[in-house]
Amino acid sequence: MHGFCPGCGNGIILHTLIRSLKRYIAEQDIKDPRFKDPLDRFIFLSGIGCSGWIVSPHLNADTFHTTHGRPIAVATGVKTADPELKIIIVSGDGDLASIGGNHLIHAARRNLEALCILVNNFNFGMTGGQCGPTTFHNAITTTTPYGNFEYPLKVAEMVAAAGASYSARWTVKHVVQLEKSFSTGLKRSDNGFAFIEVLSPCTTQFQKRNYGTDDPKILFDLFEKNSVLIKNKDKYSQKELKDKILLGVFSDEQVLGLSQNIKGTISNAGKKTNTRSEEVR
Ligand SMILES: Cc1ncc(C[n+]2csc(CCOP(=O)(O)OP(=O)(O)O)c2C)c(N)n1
């Protein structure tokens, strides 16, 4: 039982995450005596919003429901204080890409070892369906009653460009790929920032206003029919791609993560000659 609206994708995301977590945990061989239960190593963080409730009351694990936009800031503190902990962030597009947008860019740049799942439901769901940074151009929201005059942010592309080890986009209609992506993200986040944007219907606010019905089939069909896999994108012209939803993996490279780099810098401190400061002298 959960408290999400009928047709909301948050339940699918929770269920899919649990399936991937079970598989990841089964493959782990954790020696740290502090972690008697495999979940003891995990900290789940969220911000404020409907999607902030995906992990918070549903998982029997340590969760931190931070203030609006701040789960990544808190996660950075947790991970640098105790690098053995496994960090999972699940929050909304408003929370992570709007008020918390700067934290997102810099967590990607620093390559913070964390799995970060951004639920993109195209609006601020919890507060009544206001326009956000991911709202489609021309879409109707409570704050854009005549249509959105801005363009949406391509979050997964932005996070890849900022330097994250792994960045992908899927939808709640693509559960098989989503589960695989969560599993990859769990592994990649051992060494860097693994970001997964999940497109998900907000039936009560966004969909009802824009499609006249809260039947989730509308957006599920759109996700299926209007999406293009990155690997197939060359088959389409730039003009055709403009209205398509691009799905798949935008970056996947092994680069050392923040807490590993901090550890390396500390252990090397004083060993290397600082040529630049000698030049200045
Ligand atoms: C500092 C601050 N500003 C504004 C709010 C009001 N507020 C609560 S949730 C939210 C937006 C949530 O949108 P999103 O992150 O997209 O999550 P959703 O509810 O759509 O899942 C806002 C603006 C707040 N709680 N704190």
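Up top is the structure.
About the cut-offs
Residues numbered from 1 in each chain as written. Predicted model: local features only at pLDDT ≥ 70, side-chain atom pairs only at ≥ 80, totals over all residues. Heavy atoms only, no water. Phe/Tyr/Trp six-rings, centres within 6.5 Å; stacked < 30°, edge-to-face > 60°. Helix = DSSP H or I, 4+ residues; strand = E, 2+ residues; numbered from the N terminus. Buried < 20%, exposed > 50% of the residue type's maximum accessible area, 1.4 Å probe, protein only. Lys NZ or Arg CZ within 6 Å of the ring centre and 35° of its normal. Arc of directions from axis to C-beta. Pairing = 2+ DSSP bridges. Axes fitted to C-alpha atoms, helices over the stretch in contact; angles between N-to-C directions. Contact = heavy atoms within 4.5 Å. Near = heavy atom within 4 Å. Polar contact = N/O pair within 3.5 Å; in protein donor to acceptor, adjacent residues only side chain to side chain.

J.: Could you clarify how one ought to interpret the packing of aromatic side chains in this entry?
T.: For any pair of aromatic rings, geometry is given as the distance between the ring centres together with the angle between the planes. Summed over the entire model, instances satisfying the criterion amount to six aromatic pairs. Residues F42 and F44 carry aromatic rings whose centres are separated by 5.8 Å and whose planes lie at 10 degrees to one another, so their mutual orientation is stacked. Where F122 meets F136, the ring centres are 4.6 Å apart and the plane angle is 50 degrees; that geometry is what we call tilted. In this pair, F122 is assigned in the loop between β4 (114–120) and α5 (155–162) and F136 in the loop between β4 and α5, connecting sequence segments 14 residues apart. F122 sits in the buried class, given a relative accessible area of 2%. We classify F136 as partly exposed; its relative accessible area is 25%. Taken together, the ring pairs in this structure connect F122, F136, F206 and F223 into an aromatic cluster. R41 extends its terminal NZ or CZ atom over the ring of F42, reaching a point 5.9 Å from the ring centre.

J.: Before we go on, may I ask you to explain helix α8 (residues 217–225) in this structure?
T.: The α-helix advances 3.6 residues per turn, and as a result positions three or four apart in sequence lie on the same side. Taken together, the buried positions of α8 are occupied by L219, F220 and F223. Around the axis of α8, the buried residues are gathered within 105 degrees of arc, so they sit on the same side.

J.: Would you explain unusual backbone geometry in this entry?
T.: Glycine aside, negative phi is the norm for most residues, and most peptide bonds take the trans geometry. Unlike most non-glycine residues, N111 shows phi in positive territory, near 60 degrees. Position of N111 among the secondary structure elements: in the loop between α4 (101–110) and β4. At N138, a position not held by glycine, the phi torsion is positive, near 75 degrees. Looking at the secondary structure, you find N138 in the loop between β4 and α5.

J.: Would you explain the sheet that holds strand β7 (residues 227–229) in this entry?
T.: Within a sheet, each strand pairs with its neighbour through backbone hydrogen bonds, oriented either parallel or antiparallel. Within the open sheet, the eight strands sit side by side as β2-β1-β3-β4-β6-β5-β8-β7. Their pairing is mixed. Each edge of the open sheet is held by one strand with a lone partner, namely β2 (62–65) and β7. Geometrically, the sheet is characterised by an average inter-axis angle of 20 degrees between neighbouring strands, direction not taken into account. Bridge count between strand β1 (residues 42–46) and β2: four bridges; the pairing is parallel. Pairing of I43 across the sheet is with D62, part of β2. In this fold helix α1 (residues 10–27) packs onto β1, β3 (86–92), β4 and β6 (193–199), with an angle of close to 160 degrees to the strand it touches most, β4.

J.: Would you mind going over the pairing of strand β8 (residues 245–252) with me for this structure?
T.: It is a general feature of regular strands that their side chains alternate between the two faces of the sheet. Pairing of strand β5 (residues 166–171) with β8 involves four bridges; the strand directions are antiparallel. Each residue of the ladder has a partner; that of S167, found in β8, is S251. Relative to β8, β7 runs parallel, the two being bridged by three bridges. In the strand pairing of β8, S227 is matched with I245.

J.: What exactly am I supposed to notice about the site of the ligand here?
T.: Neighbouring residues of the ligand: 16 residues in total, closest C50, S51, D93, D95 and G125. One of the backbone nitrogen or oxygen atoms of C50 is found 2.7 Å away from an oxygen atom of the ligand. Between N121 and the ligand, the recorded distance is 2.9 Å, taken from a side-chain N or O atom to an oxygen atom. In terms of residue count, the dominant contributor to the shell around the ligand is helix α3 (residues 93–99) (four residues).

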